[in-house]
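Listed here are the chains, written in short residue letters.
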Protein chains: 2
Amino acid sequence: MDSELSRFDFHALRQFTSAVFTHCGLSTTDAAQATDVLLRADLRGVDSHGIARLPVYFSDLINGTTNPTPNLRVVCETPSTATVDGDGGLGLVVGPRANELAMKKALDVGSGWVAVRGSTHYGIAGYYTLQAVEKDLIGWAMTNGTRTQTPLWGADMMLGTNPISVSFPALEQDDIIIDMSTSVVTAGRMDLAMLRNESVPAGWLVEPDGQPTSDPSALLRGGPLLPLGAERAHGGHKGYCLAAMVDIFSGVLSGANWGPFVPSFTVPKNAYTPPVGVGTGHLFGAMRVEAFRPAEEFKKSVDHWIRVMKGTKPSPGATGPLVPGEPEREEEEHRRNKGIPLLTRVVDRLREVSEQSGIPLPAPISEE
Amino acid sequence: MDSELSRFDFHALRQFTSAVFTHCGLSTTDAAQATDVLLRADLRGVDSHGIARLPVYFSDLINGTTNPTPNLRVVCETPSTATVDGDGGLGLVVGPRANELAMKKALDVGSGWVAVRGSTHYGIAGYYTLQAVEKDLIGWAMTNGTRTQTPLWGADMMLGTNPISVSFPALEQDDIIIDMSTSVVTAGRMDLAMLRNESVPAGWLVEPDGQPTSDPSALLRGGPLLPLGAERAHGGHKGYCLAAMVDIFSGVLSGANWGPFVPSFTVPKNAYTPPVGVGTGHLFGAMRVEAFRPAEEFKKSVDHWIRVMKGTKPSPGATGPLVPGEPEREEEEHRRNKGIPLLTRVVDRLREVSEQSGIPLPAPISEE
């Protein structure tokens, strides 16, 4: 069955992925970096953004859509900002370098903001802000993406799911890692529902004519995802505002494409043409905690904040609030030990990559 | 009836408000500044944050809770950041000064970020980012506030409605002004529903025990507002993440109070004690457009973005997407000309301020 799972050793998948990227022409350093970003998604349970996407990265590299050896250029710079052109490189390589620059600027002058154009899909936004908290920085990451989401009061795919991640370092507690799309849910949730032959709640997406639906396959017919809040009475204008914000920071500020012009990462390729900018866009930010307050003081306060929020009286049937990043952290611990579960259809597609590249796919450690 | 309206001339209300602030001991400059912030809310149709709040600012100034002559101190500073202690001053005075500092830093080094502690309620977040776009800056403003919102899976007031505003300058189109709370709706919407004796949609707030309700007066019994998304299946964890983010930036980064410890602006005063920081907190940010891309190019692109989004196929029964800030801008034009509508109960409370201060309340220009 399509929804069957096999479990793979994390390190074996790393070796495979890195070898595939090297096969595509990336340097060993870049291949390792790209693999690190991509597989962090699998570790953290964000299956839609991990190795399941390797076949798309692979074909885009092989067919020349993505540049395996980009020459990144800083096209504009001030002490606390820069704009970087990614030269059509893999987002998984361009993103980490731009993020490094943002973090360096934060260490130098208190905060750093790097807008990126000429990039491609960059993995999970949370990867970048996880780097920041290790340096006592507050991390920011945004990206625009393939059109799937409608603005409130519209009925067409005009924006990506446009995620935003912001992370804060804690002292003894786990760091706070926010990483969220600005639509109610992502397209990956529709895929999963289709795979399981399930309907979805009203308010996740609409039919192509804008009528309400609980049929996840409406997405395949052009039915757009709804913004967080879904409808006016429940704050759908706010989700749209957030998606717009991420799009303008990622695409318009950097000179990348924006809205429906963002190059499609998924199939079918249905971006508006001609392009209005260069490639896909991101924004990375970093703020040095010590630039505002002694880091130890801040991190102790974050610990206290976490304890207070987790101590909130639970709602009926719940065990109380979580802290942003908590479910992903637990998943990461589990998967590092127990392996990465992959759907049979994902394994089948990886096998095709293996055949085309000549890189052997590791055997599963268990079937479920 | 309580829901009756009178309309007042904008300039007459300005004079009244400014005279009241001066009566409370503010300098004429500070009184004018505070009035400018406060009444911008009335102009933009955010009635809950405008002159309706003057009685609270007034009593907090008269009884010594708020310092009429604060001595602002920069307690930490780098080229692109600062932390400011507002010395217990009026947020309407402390906020604009801190925002000025953020904008100055952005003009100097590309971006500027100022965290504020020791402040009080600062009016609408949008006021601050409206200042930024006039200077070809992208503006950011956040604040924490009186506890009213529950984290997802909790059933207690632990966070404020914690608004965020981000604004982008356009060229020929109107600027994009995002200004939104991170709860589904604000407490002001419950007040209005109670006044009109109406029920509210499920998903706005819950009873104090966490059970669903459509009774707006649950708020008065301690029933908390829900985060944007309302429930897990519709992204309530994302609204909670945003409220958390705003709280940590505003309260924890600056050394102000956070979460349920933020001093109550409303009655009853029910903040947790003892305090965990100094007063209420804000974060202001500014990014110079030219630090990323030529401003004219950026603003032309924003114009294009607006035209494309407004051209989206409308959803059934709608006329198509709006641009963030559009409804408030239209309201502002209308109210500048036609006057500010105030509810009878608001006028009654302003009359009390008038009697206590000896400042005459202007007569309405019309009754409705």
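The preceding data block contains the structure.
Just so we're clear, the structure is a prediction, and the values are computed from it rather than from any experiment.

Asker: Looking at this structure, I do not really get the overall build of chain A. What am I missing?
Answerer: Within chain A, the secondary structure is distributed over 10 helices and 10 strands. For 368 residues, the compact-globule formula gives about 21 Å, and the C-alpha radius of gyration of chain A, at 20 Å, lands near that figure. Oriented by its inertia axes, the alpha-carbon framework of chain A measures out at about 55 × 50 × 45 Å. Counting only contacts in chain A whose residues sit at least 6 apart along the sequence, the fraction spanning at least 24 positions is 66%. In the structure as shown, chain A presents an accessible area of about 13100 Å², 50% of it carried by carbon and sulfur atoms. Of the side chains in chain A, 32 bear a positive and 42 a negative charge, and the two mean positions are spaced by 4 Å.

Asker: Is there a simple way to explain the interface of chain A and chain B in this structure?
Answerer: Note: interface size is frequently given as the accessible area lost on complex formation between the parts. With 89 residues of chain A at the contact, the number on the chain B side is 89 residues. In total, about 7200 Å² of surface goes out of reach between chain A and chain B, with carbon and sulfur atoms giving 73% of it. For the pair chain A and chain B, the number of links is zero salt bridges. Where chain A touches chain B, the interface holds 33 residue pairs in polar contact (both at pLDDT 80 or more). Counting residues per element, the side of chain A that touches chain B draws most heavily on helix α7 (residues 236-252) of chain A, which supplies 11 residues. Of the residues in the side of chain A that touches chain B, the class split is 57 nonpolar, 24 polar and eight charged.

Asker: I would appreciate a short explanation of the relation of the copies chain A and chain B in the present structure.
Answerer: Note: a rotation about an axis with an accompanying shift along it relates these two copies of the chain. Overlay of chain A on chain B (RMSD 0.0 Å): rotation 180°, translation along the axis 0.0 Å. Such a turn and shift between the copies fits a two-fold axis. Across chain A, the rotation axis passes nearest the C-alpha of Gly229 of chain A, at a separation of 2.5 Å. Most of the interface of chain A is mirrored in chain B: 100% of its interface residues are interface residues there too.

Asker: I tried to follow the sheet that holds strand β9 (residues 340-343) of chain B on my own but got confused; where do I start?
Answerer: Two strands in a sheet stick together by hydrogen bonds in their backbones, pointing the same way (parallel) or opposite ways (antiparallel). Residues and elements named next belong to chain B. Across the sheet, three strands lie side by side as β9-β1-β10; this open sheet has antiparallel pairing. Two strands close off the open sheet at either side, each with one partner strand: β9 and β10 (366-367). Two elements, strand β1 (residues 5-8) and β10, share two bridges in a ladder whose sense is antiparallel. When the bridges of β10 are listed, Arg7 appears paired with Ser366. Contacts from helix α10 (residues 344-357) reach β1 and β9 within the one sheet, and its direction differs from that of β9 by about 85°.

Asker: For this particular structure, what's the right way to read the pairing of strand β4 (residues 111-119) of chain B?
Answerer: Consecutive side chains of a regular strand alternate in pointing toward one face of the sheet and then the other. Residue and element names in this part refer to chain B. With nine of nine residues buried, β4 is to be regarded as a mostly interior element. With five bridges connecting them, strand β3 (residues 81-85) and β4 associate as parallel partners. Each bridged residue has a counterpart across the sheet, and for Ala82 the counterpart in β4 is Val114. Remark: the β3/helix α4 (residues 91-109)/β4 crossover connection has right-handed handedness. Sheet topology places β4 next to strand β8 (residues 280-288); seven bridges connect them, and they run antiparallel. Along β8, the bridge assignment pairs Ala115 with Leu283.

Asker: Sorry if this is basic, but what is going on with the sheet that holds strand β7 (residues 176-180) of chain A here?
Answerer: Residue and element names in this part refer to chain A. Spatial ordering of the open sheet is given by β2-β3-β4-β8-β5-β6-β7, a layout of seven strands whose pairing is mixed. Edge positions in the sheet fall to β2 (73-78) and β7, since each of these pairs with one other strand and no more. Within the sheet, the average angular offset between the axes of one strand and its neighbour, ignoring direction, is 10°. Two elements, strand β5 (residues 137-143) and strand β8 (residues 280-288), share seven bridges in a ladder whose sense is antiparallel. Bridge pairing in β8 links Trp140 to Gly285.

Asker: How do you make sense of the pattern of salt bridges when you look at a structure like this?
Answerer: Two side chains bearing opposite charge may form a pair once their charged atoms approach each other closely. Inspection of the entire model under this criterion finds 40 salt bridges over all chains. The partner of Arg147 of chain A in a salt bridge is Asp156 of chain A, with the nearest N and O atoms 3.8 Å apart. Residue Arg147 of chain A is classed as buried on the basis of its relative accessible area of 13%. When its relative accessible area of 21% is taken as the criterion, Asp156 of chain A is described as partly exposed. Note that Arg351 of chain B and Asp348 of chain B form a salt bridge whose closest N and O atoms lie 3.4 Å from each other. On the criterion of helical spacing, the pair formed by Arg351 of chain B and Asp348 of chain B is a turn pair, its members being three residues apart in helix α10. Exposure remark for Asp348 of chain B: the relative accessible area of 35% places this residue in the partly exposed category.

Asker: Please clarify how the packing of aromatic side chains should be interpreted in this entry.
Answerer: How two aromatic rings sit relative to each other is given by the distance of their centres and the angle of their planes. Applying the stated criterion across every chain yields a total of 22 aromatic pairs over all chains. Note on Trp258 of chain A and Phe261 of chain A: the rings are 5.2 Å apart at their centroids and 75° apart in plane angle, and the pair reads as edge-to-face. Taking relative accessible area as the criterion, Phe261 of chain A reaches 9% and is therefore assigned buried. By way of ring pairs, the aromatic residues Trp113, Trp140, Phe168 and Phe249 of chain A together with Trp113, Trp140, Phe168 and Phe249 of chain B are connected into one cluster.

Asker: Quick question: what am I supposed to make of the packing of helix α2 (residues 28-43) of chain A against helix α9 (residues 326-338) of chain A here?
Answerer: All names here are of chain A. Across the interface, α2 lies against α9 with an axial gap of 8 Å and an inter-helix angle of 100°. On the basis of their axis angle, the class for α2 and α9 is roughly perpendicular. Between α2, through Arg40, Asp42 and Leu43, and α9, the contact on the second element is made entirely by Glu331, Glu332, Arg335 and Arg336.

Asker: Honestly, helix α3 (residues 54-62) of chain A in this entry has me stumped. Any pointers?
Answerer: Within an α-helix, residues lying three or four positions from one another point in the same direction, as the helix has 3.6 residues per turn. All names here are of chain A. Most of α3 is tucked away, with seven of its nine residues classed as buried. Along α3, the positions that sit buried rather than exposed are Leu54, Pro55, Val56, Tyr57, Phe58, Asp60 and Leu61. For α3, the elements touching its buried residues are α1 (10-23), α2, α4 (91-109) and α10 (344-357). In the segment just after α3, Gly64 is the residue with positive phi, at about 85°.

Parameters and conventions
Residues numbered from 1 in each chain as written. Chains lettered and ligands numbered in written order. Predicted model: local features only at pLDDT ≥ 70, side-chain atom pairs only at ≥ 80, totals over all residues. Heavy atoms only, no water. Helix = DSSP H or I, 4+ residues; strand = E, 2+ residues; numbered from the N terminus. Rg over C-alpha atoms; globule rule 2.2 N^0.38 Å. Contact = heavy atoms within 4.5 Å. Areas by Shrake-Rupley, 256 points an atom, 1.4 Å probe, with all protein chains shown as cover. Lys, Arg positive; Asp, Glu negative; His and termini not counted. Charge placed at Lys NZ, Arg CZ, Asp CG, Glu CD. Buried area = accessible area lost by both parts, 1.4 Å probe. Salt bridge = Lys/Arg side-chain N within 4 Å of Asp/Glu carboxyl O. Polar contact = N/O pair within 3.5 Å; in protein donor to acceptor, adjacent residues only side chain to side chain. Nonpolar A, V, L, I, M, F, W, Y, C, P; charged D, E, K, R; others polar. Least-squares fit on C-alpha atoms with pLDDT ≥ 70 in both. Pairing = 2+ DSSP bridges. Axes fitted to C-alpha atoms, helices over the stretch in contact; angles between N-to-C directions. Buried < 20%, exposed > 50% of the residue type's maximum accessible area, 1.4 Å probe, protein only. Right-handed = clockwise from strand over helix to strand, strands pointing away. Phe/Tyr/Trp six-rings, centres within 6.5 Å; stacked < 30°, edge-to-face > 60°. Parallel < 35°, antiparallel > 145°, perpendicular 65-115°, else oblique.

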